[in-house]
Structure formats: C-alpha cells, structure tokens
Amino acid sequence: MTDFKDFLNERLQNAEIKKEYDALEPEFAVIQAIIDARKETGLTQKELSERTGIAQGDISKLENGSANPSLRTLQRLAAGMNRQLKVAFVPIES
C-alpha cells in the first residue's frame, strides 16, 4: 500500500491532477460511507441486497465507484442498515 500512497502523493504534486482528485472527494466519501456502514452492521452485500431490494450487483457497483447512487437509493441503503442518511452542505475551506 505504501507504494501506491507514494505514487499518489507524487502525482498530486501536479496542480491539475490535485484539482481533479479533490473534485472527486465527495464521491469517494459516499462510497467509503456505504462500505463502512455495511461493515459496521456486519452485513454482506447479499444480505444488504435482501434487506433493501437493491440487486447485489448494483451494491457492488456503488461500492467500487462504477455507479452513482440517487438520493432515494442512499435512503434505501441507510434503512437497510438501520441507519439515518444525512446530507450536509459545508463551507468551502480557503
């Protein structure tokens, strides 16, 4: 993992790449929140699928970043994990 972190840190020295990477942070945060919540509840993707009616393959796509969830999908996932979905708008740090 250190090799990747070194590679990433090296690439992020480029201002253009850093700008694009930072723009993706909200997507990464949503993906990580889904994964963390599912693991904290001790559910597999299949079990979460059964609870929500969302196909296991679609949950997998959400978790690997190849699909963008709607707000309704996020609400279904949260309910399936006995969680509450919160969305916040926060000030941009200068």
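Fair warning: this is a prediction, and the values are worked out from it, not measured in the lab. (Residues numbered from 1 in each chain as written. Predicted model: local features only at pLDDT ≥ 70, side-chain atom pairs only at ≥ 80, totals over all residues. Heavy atoms only, no water.)

*Asks:* Hey, could you run me through the nonpolar core in this one?
*Replies:* If you look at the biggest cluster of nonpolar residues, it comprises ten residues: Ile34, Ala37, Leu43, Leu48, Ile54, Ile59, Leu62, Leu74, Leu77 and Met81. For Ala37, the residues in contact, after removing those within four places along its chain, are Met81 and Arg83. (Core = buried A, V, L, I, M, F, W, Y, C linked by side-chain atoms within 4.5 Å. Buried < 20%, exposed > 50% of the residue type's maximum accessible area, 1.4 Å probe, protein only. Contact = heavy atoms within 4.5 Å.)

*Asks:* When you look at the layout of surface pockets in this model, what are you seeing that I'm missing?
*Replies:* Of the volumes computed, that of the largest pocket is approximately 620 Å³. Counting residues per element, the ones that place at least two in the lining of the largest pocket are helix 2 (15-23), helix 3 (25-40) and helix 6 (71-80). Considering each element in turn, the lining of the largest pocket owes the most residues, seven residues, to helix 3. Of the residues in the lining of the largest pocket, the class split is 15 nonpolar, one polar and four charged. Taken as a whole, the second largest pocket encloses approximately 200 Å³ of empty space. (1 Å grid on protein atoms, 1.4 Å probe; cavity = no way out; pocket = protein on both sides within 12 Å on 5 of 7 lines; lining within 4 Å. Points joined across faces, edges and corners; volume = space filled by probe spheres on them. Helix = DSSP H or I, 4+ residues; strand = E, 2+ residues; numbered from the N terminus. Nonpolar A, V, L, I, M, F, W, Y, C, P; charged D, E, K, R; others polar.)

*Asks:* Looking at this structure, how should I read the packing of aromatic side chains?
*Replies:* We describe a pair of aromatic rings using the distance from one ring centre to the other and the angle between the two ring planes. For the structure shown, the criterion picks out one aromatic pair. Measuring from centroid to centroid gives 5.8 Å for Tyr21 and Phe28, while their planes differ by 50 degrees, and the two rings are tilted. (Phe/Tyr/Trp six-rings, centres within 6.5 Å; stacked < 30°, edge-to-face > 60°.)

*Asks:* Honestly, the packing of helix 4 (residues 45-52) against helix 6 in this entry has me stumped. Any pointers?
*Replies:* Geometry of a packed helix pair, given as the angle between the helix axes and the separation of the axes. Two elements in contact, helix 4 and helix 6, have axes whose closest approach is 9 Å; the angle formed by their N-to-C orientations is 105 degrees. In terms of axis orientation, helix 4 runs roughly perpendicular to helix 6. Across from Leu48, Arg51 and Thr52 in helix 4, the residues of helix 6 making contact are Arg76, Leu77 and Gly80. When the residues that make up the contact of helix 4 with helix 6 are grouped by side-chain class, the tally is two nonpolar, two polar and two charged. (Axes fitted to C-alpha atoms, helices over the stretch in contact; angles between N-to-C directions. Parallel < 35°, antiparallel > 145°, perpendicular 65-115°, else oblique.)

*Asks:* Sorry, what's going on with the side chain of Glu63 here?
*Replies:* Within the secondary structure layout, Glu63 lies in helix 5 (residues 56-64). By relative accessible area, which is 10% here, Glu63 ends up buried. In this view, Glu63 contacts Ile31, Ile34, Ile35, Arg38 and Gln45; residues no more than four positions away in its chain are not counted.

*Asks:* Please clarify how helix 4 should be interpreted in this entry.
*Replies:* Along an α-helix, residues three or four apart share an orientation, since each turn contains 3.6 residues. Residues of helix 4 that are buried include every one of Gln45, Leu48, Ser49 and Thr52, and no others. Along the long axis of helix 4, the arc covered by the buried residues comes to 105 degrees, so they all point the same way. Among the exposed residues of helix 4, those pointing more than 90 degrees away from its buried face are Lys46, Glu50 and Arg51. The secondary structure elements touched by the buried residues of helix 4 are helix 3, helix 5 and helix 6. Positioned one or two residues after helix 4, Gly53 has a phi angle of 80 degrees, which is positive. (Arc of directions from axis to C-beta.)

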